[in-house]
Amino acid sequence: MNTDSSLSSPGQTLGRILIVDDVPINVRLLSSILEIEGYQVSSATNGPDALAAMPEAAPDVVLLDVMMPGMDGFEVCRRLKADSATAHVPVVMVTALQETSDRVRALEAGADDFLTKPVDDVEVLARVKSLVRVKRGRDELEKAYHDLQRAESMRDSIAEMLVHDLRTPLTAMLAAVDLLQKGYGDSLDEIQKELVGMCATSCRRMVAQVGELLDISKLESGALQLQHVECEAAQLVEEAVQQVFTLAADKALKIEIAPLPNLPLLWADANLLRRVLVNLLANSIKFGPRDSSIVITVAPQPAGDSGERALLFSVRDFGYGIPAADFERIFHKWGQAESRNDTQKISSGLGLTFCRLAVEAHGGRIWVESELEKGSTFLFTIPIVNRVD
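What counts as what
- Residues numbered from 1 in each chain as written.
- Predicted model: local features only at pLDDT ≥ 70, side-chain atom pairs only at ≥ 80, totals over all residues.
- Heavy atoms only, no water.
- Core = buried A, V, L, I, M, F, W, Y, C linked by side-chain atoms within 4.5 Å.
- Buried < 20%, exposed > 50% of the residue type's maximum accessible area, 1.4 Å probe, protein only.
- Helix = DSSP H or I, 4+ residues; strand = E, 2+ residues; numbered from the N terminus.
- Contact = heavy atoms within 4.5 Å.
- Phe/Tyr/Trp six-rings, centres within 6.5 Å; stacked < 30°, edge-to-face > 60°.
- Salt bridge = Lys/Arg side-chain N within 4 Å of Asp/Glu carboxyl O.
- 1 Å grid on protein atoms, 1.4 Å probe; cavity = no way out; pocket = protein on both sides within 12 Å on 5 of 7 lines; lining within 4 Å.
- Points joined across faces, edges and corners; volume = space filled by probe spheres on them.
- Nonpolar A, V, L, I, M, F, W, Y, C, P; charged D, E, K, R; others polar.
- Patch = residues over 30% accessible without salt bridge, like charges linked within 9 Å, V, L, I, M, F, W, Y side chains within 5 Å.
- Areas by Shrake-Rupley, 256 points an atom, 1.4 Å probe, with all protein chains shown as cover.
- Expected span 1.5 Å × (residues − 1).
- Arc of directions from axis to C-beta.
- Pairing = 2+ DSSP bridges.
- Axes fitted to C-alpha atoms, helices over the stretch in contact; angles between N-to-C directions.

(A) Spotlight on the nonpolar core. With 47 residues, the main nonpolar core has Ile255, Leu266, Leu280, Leu281, Phe313 and Phe380 as its most contacted residues. At 9 residues, helix H9 (residues 270-287) tops the list of elements feeding residues into this core. Every residue in contact with isoleucine 255, bar those within four places of it in the chain, is listed here: Val241, Val244, Ala248, Leu281, Ile285, Ile294 and Ile296. One finds Ala50, Met54, Cys77 and Ala106 within the second-largest nonpolar core, a separate group that totals 21 residues.

This is the structure:
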């Protein structure tokens, strides 16, 4: 008896095989070959019974006769491969047909291998052993993938809970620091005032990051409802620039708004889009060189094949740039790219994630175009849709 440890473990058979054939002697022959080697065998004598037996039999391999009355093997194979629950179960067509056209039909139906009648014992066992290994290897990968998904879901749930719980003490800390600055400022010397100011800045940054994490979680789960209003792209841009004006001034950066033609109104969540622009501007300010500029443009995007119209926003800086290998990664949570000296990160891993999710929630897309030593341009589209009352 075969004792290949790569296929079996204590309490587990070498594999479960479903034999489908309308001729009893063929079923007995294949069963005897497989059972003596340690395989668990079940059988069906027609196509409908084979399909009905799949959930209980849970086979690792199906040995399927081609020529059967009613539903032939080709149709059974097509249905197995069309069902997500059975699509990955290997199907071996057992046939006396020799024509190439018949083999092609079997492949088109989704067959994984062939056995020619009369079957050879050694060939049957070799084909079955190989396919069982493939099937169980895939099952293990699928289980590992689902385990990873559950672990990630649990991690995200715990992180969301912790982040939510952080908001209250951080808000209290910020309120206390504000009181020190506003109510008791006279009792502080200049160094103490500076330290309190640093604490206030850090607290505000942490409160903002906590809020961003919670919003990212809501966007990922679809729980954040967009508050659609009629809004002007030019106004959103101007308001975003005002919010980052001090940051830009600290680095002597000039923010240029390209002439904005008469643009159609957007029916969108103005707060989310404004935050997208603020995040992109803050990112460009953070990594742009001193005394350089940032250019913002908004323009109608030509309708594509779908006929959908959109506005194209872009934020261009003249910094070091982003390696092409990092174009996708920086838009994912905690994704970062290295700067020129490999000591500074090009993304916090949160702001651009928020931008991607907020843009996608509007049905748009976001991407970056960049060339090292010449700068980066972040672009995103927002579809122009009719107002829905």
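Next comes the rest of the account.
(B) Quick look at the packing of aromatic side chains. Scanning the entire structure with this criterion turns up 2 aromatic pairs. Consider the rings of phenylalanine 313 and phenylalanine 380, whose centres lie 4.7 Å apart with planes at 5°: the pair is stacked. Placement of the pair is phenylalanine 313 in strand S10 (residues 310-316) and phenylalanine 380 in strand S12 (residues 375-383), with a sequence separation of 67 residues. Given a relative accessible area of 1%, phenylalanine 313 falls into the buried group. Phenylalanine 380 sits in the buried class, given a relative accessible area of 0%. Ring geometry for phenylalanine 331 and phenylalanine 378: centres 6.1 Å apart, planes at 75°, overall edge-to-face. Of this pair, phenylalanine 331 sits in the loop between S10 and helix H10 (351-361) while phenylalanine 378 is found in strand S12, placing the two residues 47 residues apart along the sequence.

(C) Layout of the pattern of salt bridges. Under the defined criterion, the tally for this structure stands at 18 salt bridges. Two residues, lysine 135 and aspartate 139, come together in a salt bridge whose shortest N-O distance is 2.7 Å. Taken together, the residues span about one helical turn, with lysine 135 and aspartate 139 both in helix H5 (residues 121-183) at a distance of 4 residues. Residue lysine 135 is classed as buried on the basis of its relative accessible area, which comes to 10%. Residue aspartate 139 is classed as partly exposed on the basis of its relative accessible area, which comes to 29%. With a shortest N-O distance of 3.5 Å, glutamate 371 and lysine 374 are connected by a salt bridge. Take lysine 374: its relative accessible area is 53%, and that puts it in the exposed class. Salt bridges sharing common partners tie together Arg16, Asp60, Lys135, Arg136 and Asp139.

(D) Seen up close, empty space enclosed by the protein. By the definition in use, this model includes 1 cavity of 30 Å³ or more. In this structure, the largest cavity occupies an estimated 40 Å³ of space. For the largest cavity, the full set of lining residues is Val66, Phe74, Met93, Thr95, Leu97, Asp102, Arg103, Ala106 and Phe114. Those elements that provide at least two residues to the lining of the largest cavity are strand S4 (91-95) and helix H4 (100-109). The biggest single contributor to the lining of the largest cavity is H4, with 3 residues. When its residues are assigned to classes, the lining of the largest cavity shows 6 nonpolar, 1 polar and 2 charged.

(E) Here's a closer look at a nonpolar patch on the surface. A cluster of nonpolar side chains, namely Ile191, Leu195 and Met198, defines an oily patch on the protein surface of about 320 Å² accessible area. For isoleucine 191, the position within the fold is in helix H6 (residues 190-221).

(F) A look at the layout of surface pockets. As a volume, the largest pocket reaches approximately 900 Å³. In terms of lining, the largest pocket is formed by 23 residues, of which the most central are Arg205, Gln209, Glu212, Asn279 and Ala282. Contributions of two or more residues to the lining of the largest pocket are made by H6, H9 and H10. By residue number, the principal contributor to the lining of the largest pocket is H9, which donates 8 residues. The class makeup of the residues in the lining of the largest pocket is 9 nonpolar, 9 polar and 5 charged.

(G) Region of interest: helix H1 (residues 24-35). Compared with the 16 Å implied by 1.5 Å per residue over 12 residues, the 16 Å span of H1 between its first and last C-alpha is a close match. Those residues of H1 not exposed but buried are Val27, Leu30, Ser31, Ile33 and Leu34. Seen from one end, H1 has its buried residues packed into an arc of 165°, which puts them on one side. For H1, the exposed residues lying more than 90 degrees away from the buried face are Pro24, Ile25 and Arg28.

(H) Broad picture of the sheet that holds strand S7 (residues 254-257). Reading across from one edge, S7-S9-S10-S12-S11 is the order of the 5 strands in this open sheet, with mixed pairing throughout. The sheet is open, and its two edges are formed by S7 and strand S11 (366-371), each paired on a single side. If you compare each strand with its neighbour and ignore which way they point, the axes differ by 15° on average. Contacts between H9 and the sheet are confined to S7, strand S9 (293-301), S10, S11 and S12, with S12 contributing the most and set at about 175° to the helix. Of the strands in this sheet, S11 and S12 are in contact with H10, which crosses S12 at around 25°.

What is shown is where atoms sit, not what they do.
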